[in-house]
Amino acid sequence: MKREKTIFLLVELLLGLLVAAAFLLLRSVDQRNKAEKVSVILEDSENVKWSGMKYGIRMAAQDQNAEVFFVSIDTDWTDDTLDALISEEIAGGADAVLTEEQLILEGPDQTAIGYALGRAVLEDYSGGIQGKTLGILAEDPDSEVTMLRNQGFLDAVQDSGADILWSCAEGEDRERIPAEEQPAVDLVAALDDESTREAGRLTAAQDLHGAILYGIGESMESIYYLDSGRAESLVIPDSFQTGYKALLSLSGSADSIGTADMPAYYVVNKDTLFTEENEGILLTLSQ
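Residues numbered from 1 in each chain as written. Predicted model: local features only at pLDDT ≥ 70, side-chain atom pairs only at ≥ 80, totals over all residues. Heavy atoms only, no water.

Here the focus is the environment of Gly114. With respect to the helices and strands, the residue Gly114 is situated in helix α5 (residues 110-124). You can call Gly114 buried: its relative accessible area is 0%. The spatial distance from the C-alpha of Gly114 to the C-alpha of Ile216 is 8.2 Å, given a sequence separation of 102 residues. Every residue in contact with Gly114, bar those within four places of it in the chain, is listed here: Arg149, Gly152 and Phe153. (Helix = DSSP H or I, 4+ residues; strand = E, 2+ residues; numbered from the N terminus. Buried < 20%, exposed > 50% of the residue type's maximum accessible area, 1.4 Å probe, protein only. Contact = heavy atoms within 4.5 Å.)

As structure tokens, this is what we get:
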């Protein structure tokens, strides 16, 4: 009888251990399946220029079982403002925070994008823009992106013989003067989506003094100006890829997504806008 009681107690102990182990296993699985919360801090996060990048981030979050929250920060933010906002997001339950600077680092070579814009101008004129006058538009002259794109553009056109009459992207006091208040030029190069959209609206209203517009675009509004003939050519960065890779980098899996052979940007004109090659980039901008 004593032996049977001992066996009974051992069986109960074993069953108890099995139940405890099962509980811990289920808890572990539940923790793994629990969605990670990621906050993404962007300047004016509702701006249409972020459409492609936000779509890429959302798709990566879906693949990684993560929740994403887009948080807007004022355009005149400081390092202290950003640090405070990051701390606020973490205190509010964010497991990770992505900032605009991190996204830029994950993005394509900005100098190459500016260079591609300059090449687009030269190719339309078979390299012959000697004597043509140029104006350069930029929304934020002091940003690193603007400076790199401007350098790339200047590298492309430096031996072309064109005369740069004005630039919002360089000079000791790079004051942001509206394009319609600038002297008339033959060609305008817009170094960001905001400037391309601004110049496109001015062209539509015939307030760009007859200048031909070349720009860097990241929104469907910029695409509209190209399609309607108000812009001659656009360089479109693949911001979807940038956003997708940036979120995956948080889990260390960014190198496994097979995007190494994908172009970092697309150069399109009205004739090539709706070709099969460009369908994907247009889809990401329309989301």
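Still to come is the rest of the account.
Bringing the side chain of Ser219 into the picture now. Structurally, Ser219 can be placed in the loop between β7 (212-216) and α8 (220-227). Exposure remark for Ser219: the relative accessible area of 1% places this residue in the buried category. Once residues lying within four places of it in the same chain are set aside, the contact partners of Ser219 are Val48, Asp193, Arg197 and Leu285.

The next point concerns the packing of helix α7 (residues 193-204) against α8. One way to put it is that α7 packs onto α8 with a least axis distance of 9 Å and a crossing angle of 40°. Looking at the two axes, α7 sits oblique to α8. In terms of crossing hand, the pair formed by α7 and α8 is left-handed. Every residue of α8 that contacts α7 at Asp193, Thr196, Arg197, Gly200 and Arg201 is listed here: Glu221, Ser222 and Tyr225. Split into classes, the residues belonging to the contact of α7 with α8 amount to 1 nonpolar, 3 polar and 4 charged. (Axes fitted to C-alpha atoms, helices over the stretch in contact; angles between N-to-C directions. Parallel < 35°, antiparallel > 145°, perpendicular 65-115°, else oblique. Left-handed = near helix turned anticlockwise from the far one by under 90°. Nonpolar A, V, L, I, M, F, W, Y, C, P; charged D, E, K, R; others polar.)

Taken by themselves, the reported measurements are silent on function.
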